[in-house]
Amino acid sequence: MPEESAKKILEVLIKIAPIVFLSVGMKIAVQIKNKKATIIGSLISLFTGMGMAYLLNHYIENNTSEWLYPIALGGIAILSDKIMEFFVFKFDVGVYIEKGLEMILHKIKDNK
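Since this is a predicted model, take the numbers as computed values, not measurements.

Quick look at the side chain of Asn 57
Here is step 1: Along the chain, Asn 57 falls in helix H2 (residues 39-63).
Here is step 2: Not counting residues within four places of it along the chain, the set of residues in contact with Asn 57 comprises Val 12, Ile 16, Tyr 69 and Leu 73.

Here it is, written out as structure tokens:
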């Protein structure tokens, strides 16, 4: 039973991942062109886009036609990324994430 669910998740991710990477990648490319992109922001964009696309995959697949599915999935990925970006900039979450990563890296270096 767990093997079936793992196989199903893998199939869905193989179907979703290229669409999300292309759609969110275009947004990141525009940010790089405008010199507004950061590594943390790009990772948050990919994580958010992939997560929301995965959560809504079943609904989109059942309620759209086959040719509209990639467009709807890409739109959901970009829209979820834009909403997350609003909250990241509104509450300055990026600074907290960077400080947390610095703290973790500092502790790792001290333990060596």
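Some details on unusual backbone geometry
Here is step 1: Despite not being glycine, Lys 35 has its phi angle at roughly 60°, a positive value.
Here is step 2: If you trace the backbone, Lys 35 turns up in the loop between helix H1 (2-33) and H2.

What about the nonpolar core?
Here is step 1: Ranked by size, the top nonpolar core spans 13 residues in total, and within it Ile 16, Val 20, Val 24, Met 50, Ala 53, Tyr 69 and Leu 73 carry the most contacts.
Here is step 2: Those elements that provide at least two residues to this core are H1, H2 and helix H3 (69-90).
Here is step 3: Sorting elements by how many residues they give to this core places H1 first, with 7 residues.
Here is step 4: Excluding residues that lie within four positions of it along the chain, Leu 73 makes contacts with Ile 16, Ile 19, Ala 53, Asn 57 and Ile 60.

Some words on H2
Here is step 1: Counted at 1.5 Å a residue, the expected span for H2 with its 25 residues is 36 Å, and the 35 Å between its end C-alpha atoms agrees.
Here is step 2: The largest bend along H2 measures about 55° and falls at Leu 56.
Here is step 3: On its buried side, H2 packs onto H1, H3 and helix H4 (93-111).

Some words on the pattern of salt bridges
Here is step 1: Tallied over the full model, the rule gives 4 salt bridges.
Here is step 2: Residue Asp 81 is joined to Lys 27 by a salt bridge in which the shortest nitrogen-to-oxygen separation is 3.0 Å. In this pair, Asp 81 sits in helix H3 while Lys 27 sits in helix H1, placing the two residues 54 residues apart along the sequence.
Here is step 3: Assessed through its relative accessible area of 1%, Asp 81 is described here as buried.
Here is step 4: Here Glu 85 ties to Lys 27 by a salt bridge, and the two come within 3.0 Å at their closest N and O atoms. Here the residue Glu 85 occupies a position in helix H3, and Lys 27 occupies one in helix H1, the gap between them amounting to 58 residues. Neither Glu 85 nor Lys 27 differs from the other in exposure class; each is buried.

Observations regarding H1
Here is step 1: Over its 32 residues, H1 extends 44 Å from the first C-alpha to the last, a length consistent with the 46 Å expected when each residue adds 1.5 Å.
Here is step 2: Roughly 30° is the biggest bend found in H1, and it falls at Ile 16, with proline Pro 18 one to four residues downstream.
Here is step 3: Looking only at H1, the buried set comprises Val 12, Ile 16, Ala 17, Ile 19, Val 20, Ser 23, Val 24, Lys 27, Ile 28 and Gln 31.
Here is step 4: Residues of H1 that are buried make contact with H2 and H3.
Here is step 5: With its phi angle positive at about 60°, Lys 35 sits one or two positions after the end of H1.

So, the packing of aromatic side chains
Here is step 1: Counted by the stated rule, this structure contains 2 aromatic pairs.
Here is step 2: Considering the side-chain rings of Phe 86 and Phe 87, the 5.4 Å spacing of their centres and the 65° angle between planes classify their relative orientation as edge-to-face.
Here is step 3: Here the aromatic rings of Phe 87 and Phe 91 are separated by 6.1 Å at their centres, their planes lie at 5°, and the arrangement is stacked.
Here is step 4: The partly exposed category is assigned to Phe 87, whose relative accessible area is 40%.

Calculation rules
- Residues numbered from 1 in each chain as written.
- Predicted model: local features only at pLDDT ≥ 70, side-chain atom pairs only at ≥ 80, totals over all residues.
- Heavy atoms only, no water.
- Helix = DSSP H or I, 4+ residues; strand = E, 2+ residues; numbered from the N terminus.
- Contact = heavy atoms within 4.5 Å.
- Core = buried A, V, L, I, M, F, W, Y, C linked by side-chain atoms within 4.5 Å.
- Buried < 20%, exposed > 50% of the residue type's maximum accessible area, 1.4 Å probe, protein only.
- Expected span 1.5 Å × (residues − 1).
- Bend = angle between axes of the 7 residues up to and from the residue.
- Salt bridge = Lys/Arg side-chain N within 4 Å of Asp/Glu carboxyl O.
- Phe/Tyr/Trp six-rings, centres within 6.5 Å; stacked < 30°, edge-to-face > 60°.

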